[in-house]
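# Working through the structure, step by step
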Amino acid sequence: MSSESRERFASISPAEFFKRNPELVGFSNPARALYQSVRETLENSLDATDIHMILPSIKISIDRVEIEKEVYRLTVEDNGIGIPPHIVPNAFGKVLYSSKYTIRQTRGMYGLGVKAVLLYSQMYQDRPFEVQTSPKGSNRVYYFRLKIDISKNEPIIFHRSSIENPTGWHGTIITVYLVGDWLRSKQRIYEYIKRTYILSPYAEFVFRDPEGNVTYYPRVTNKLPKPPEEVKPHPYGVDIELLKYLIATLRYQYDVRGFLINEFQSIGDVTADEILKLAGLPPNKPASKLTDDEIARLVEVMKKYEKFRPPSADALSTLGEELITIGLNKVFSPELVAAETRKPKAYQGHPFIVEAGIAYGGSIQPAEFPTVLRYANKIPLVYDEKSDVIWKVVEEIDWRRYGIEENQFPLVVLVHLCSTKVPYKSAGKESIADVEEIEREIKFAIMSVARQLRLFLLEKRKQEEEKKRMLTYMKYIPELARSLAIFEAPSEDKVDPLAKELEQKLIEIVSRKIGLNDAELYKKLKVEIS
Ligand SMILES: Nc1ncnc2c1ncn2[C@@H]1O[C@H](COP(=O)(O)OP(=O)(O)OP(=O)(O)O)[C@@H](O)[C@H]1O
């Protein structure tokens, strides 16, 4: 008997797969797990608010509940749209169950995040997960305690109840217990919240850490970004399986021509006819009757057809130059902020937009390399920096060409990629893969804001030169004032008061010219003269 025939085959559930491979979704150790849990829950809270035009108010708290095992209780509360009670068990207890498998830009996309938190939670401690939620407009608040049945990939409900909702509150509160490592994750968690705040200055956050420190991040503006719209697939993004799936789930029985026109963007009457002709398909054949071979031909033609309009950018939700500027100003109080939102582009049938921001000076610490703030679909990416395409582009920029002369300089570079499909390198969503079209746009966006930096630095240098020149003149003011006073004074005892008066006047003229206030001026003058 060969060794192959002795192999034992089995199938495992998606829950089991991710339980066995937690590192694939960012749960490789207790520190990373605590960080990842904050992240997944916070991102769900933001998705439940801003894309539904609700100004987010989010509270996060982490308490240490067991000393020996380092068990933490993480609670995240939002004022979002809430979750209908019949959805709650699957939303939290079934891996790969999501409301975000549509074509529109959301932070979540895999239907995995919060379940990965739950799987990790129940691997190392026994308390179930708690959800309290009230959907918008509901007069009840629902409460659940649950775990995941890992082998069946189903929720196990320990408790379910509801109470009246007299205040009309809506939103979700999630409480999860997990083994973590606060000291090792502290810095990243704070950094993550700060970076989230930079890109959502329309949100307010309260964060209480396990040491009892409370940080409040106030809302800076009431302006929300334009929400994403759900769109139909673009023909360049299809494959055979997707086409089969779309046909199998059709709500109307279309012929193949109607199917193309109604279920895809960028296909009108003329284009549909051309495609069908190229694929050799009769336009009135019912879509559900297409053979595998015909579907394959259709896909082939759709991929090669060159006249489609590019994918619609309606599905995207950029932040915009104004909000990026507000966020960077609030957190760094810099001397210069510049931002740019590029025009929509596409890769493999997926629309994307790159935005970039730059902040210089102020409270930014000088360093040999700029601080790079990477974002994808409004999510800050904190780990795996060096393997990200954004890092690669920033690294290739020669900052001296943009007026930076020092070895250490105070610069923050922010890049935000918005897409209906972010090419993450892993389900942990920490770094973006090198896609040529995206890389090029990132480069153009950074170059554009960097040009504004160059203009600013040029102007700044010019002004500094001017000031230096004026300060040199000031050295001579006391002497000049005295000479003029001797010349002008009616008697000798009037020389000193007149000299003082003239000195004052001359200083005023020069200070107006170089735009210094008095205190600053006298200080500089004294330094220069002595
Ligand atoms: N705070 C919340 N408010 C409203 N709905 C929520 C909240 N948290 C989770 N959900 C719902 O539960 C679903 C599953 O969430 P989960 O984190 O598992 O996946 P996801 O966000 O869809 O995708 P990803 O794995 O990429 O994060 C979401 O799609 C959403 O519909």
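Description of the structure in this document. Residue indices begin from 1 for each chain and proceed along its sequence in written order. Local features in this predicted model are restricted to residues of pLDDT 70 or higher, and side-chain atom pairs are both shown and tallied only at a pLDDT of 80 or more, whereas totals for entire chains, interfaces and linings draw on every residue. Calculated side-chain values reflect all of the structure's heavy atoms, with hydrogen atoms and water omitted.

### Re the overall build of the protein
Here a helix means four or more residues in a row that DSSP labels H or I, a strand means two or more in a row labelled E, and each is numbered from the N terminus. The secondary structure content of the protein amounts to 15 helices and 14 strands. Expected size for 530 residues packed as a compact globule is a radius of gyration near 24 Å; at 31 Å, the protein overshoots this value by more than 25%. Viewed in the frame of its principal axes, the protein has a C-alpha envelope of about 120 × 65 × 60 Å. Only protein chains enter the accessibility calculation, which uses a 1.4 Å probe; a residue whose area is less than 20% of its type maximum is buried, one above 50% is exposed, and one in between is partly exposed. Counting all 530 residues of the protein, 50% fall into the buried class. We call two residues in contact when some of their heavy atoms are within 4.5 Å. Partitioning the intrachain contacts of the protein with sequence separation of at least 6 by distance along the chain shows that 71% fall at a separation of at least 24. In this setup the radius of gyration rests on C-alpha atoms only. A globule is expected at 2.2 Å times the number of residues raised to 0.38.

### Looking at the nonpolar core
Throughout, nonpolar core names a set of buried Ala, Val, Leu, Ile, Met, Phe, Trp, Tyr and Cys residues whose side chains join them through atoms within 4.5 Å. Membership of the largest hydrophobic core comes to 110 residues, with the highest contact counts inside it found for Phe92, Leu328 and Trp399. The biggest single contributor to this core is helix α12 (residues 436-475), with 9 residues. Summarising the domain contributions, this core has at least three residues from each of domain 1 (14-217) and domain 3 (321-457). Setting aside residues up to four positions removed in sequence, Trp399 forms contacts with Ile358, Pro370, Val394, Ile404, Phe409, Leu411, Val413, Ile446, Ala450 and Leu453. Residues Ala287, Ile295, Leu298 and Val301 belong to the second largest nonpolar core, which totals 25 residues. Domain start and stop positions are those given by an automatic or database domain assignment.

### So, helix α11 (residues 389-396)
Taken together, the buried positions of α11 are Val389, Ile390, Trp391, Val393 and Val394. Buried residues in α11 make contact with β12 (371-376), β14 (411-419) and α12. N or O atoms closer than or at 3.5 Å make up a polar contact, with two conditions inside protein: a donor-capable atom paired with an acceptor-capable one, and, for residues adjacent in sequence, both atoms drawn from side chains. Its side-chain oxygen 2.7 Å from the backbone nitrogen of Ile390, Asp388 forms the N-cap of α11.

### A closer look at a nonpolar patch on the surface
Two joining distances apply to patches: 9 Å for like charges and 5 Å for nonpolar side chains (Val, Leu, Ile, Met, Phe, Trp, Tyr), and every residue must have over 30% relative accessible area and no salt bridge. The Shrake-Rupley method, run with a 1.4 Å probe sphere, supplies the accessible areas, and residue values consider only the shown protein chains as cover. Note on definitions: salt bridges are taken to be side-chain nitrogens of Lys or Arg within 4 Å of carboxyl oxygens of Asp or Glu. Taken together, the side chains of Ile12, Phe17 and Leu24 present a nonpolar region at the surface, about 240 Å² in accessible area. For Leu24, the location among the structural elements is in the loop between α1 (14-20) and α2 (30-47). Classification of Leu24 as partly exposed rests on a relative accessible area of 39%.

### Description of the site of the ligand
When we say a residue is near a molecule or strand, we mean one of its heavy atoms is within 4 Å of it. Neighbouring the ligand are 22 residues; Ser98, Ser99, Met109, Gly113 and Lys429 lie closest to it. Within the side chain of Asn44, a nitrogen or oxygen atom sits 2.8 Å from an oxygen atom of the ligand. With respect to the ligand, the side chain of Lys429 contributes an N or O atom lying 2.6 Å from an oxygen atom. Expressed as a share of its isolated accessible area of 600 Å², the protein-covered part of the ligand is 95%.

### Side note on unusual backbone geometry
One non-glycine residue, Leu96, adopts positive backbone phi at about 70°. Looking at the element boundaries, Leu96 is found in the loop between α3 (88-93) and α4 (113-124). Under the relative-accessibility criterion, Leu96 is labelled partly exposed at 42%. Its identity as a non-glycine residue notwithstanding, Asn153 has a phi of 55°, on the positive side.

### What to know about the pairing of strand β4 (residues 140-149)
A strand pair is defined by DSSP finding two or more bridges across the two strands. Where strand β3 (residues 129-134) lies against β4, 5 bridges are found, and the strand directions are antiparallel. Following the sheet pairing, Val131 is matched in β4 by Phe144. If you look at the hairpin formed by β3 and β4, you'll find 5 residues sitting between the two strands, and Gly137 has a positive phi there, around 90°. Counting the residues that bridge the hairpin from β4 to strand β5 (residues 154-164) gives 4 residues, and of these Asn153 lies at a positive phi of roughly 55°.

### Overview of the sheet that holds β5
Taken in spatial order, the 8 strands make up an open sheet running β5-β4-β3-β6-β2-β1-β7-β8, and their pairing is mixed. The open sheet terminates on both sides in strands that have one partner only, identified here as β5 and β8 (214-217). Across the sheet, the mean angle separating the axes of adjacent strands is 15° when strand polarity is ignored. Here strand β2 (residues 71-78) runs beside strand β6 (residues 171-179); their pairing, made up of 8 bridges, is antiparallel. Bridge pairing in β6 places Val71 opposite Val179. To get an axis, fit a line to the C-alpha atoms, keeping to the stretch in contact for a helix; angles then go from 0 to 180 degrees between the N-to-C directions.

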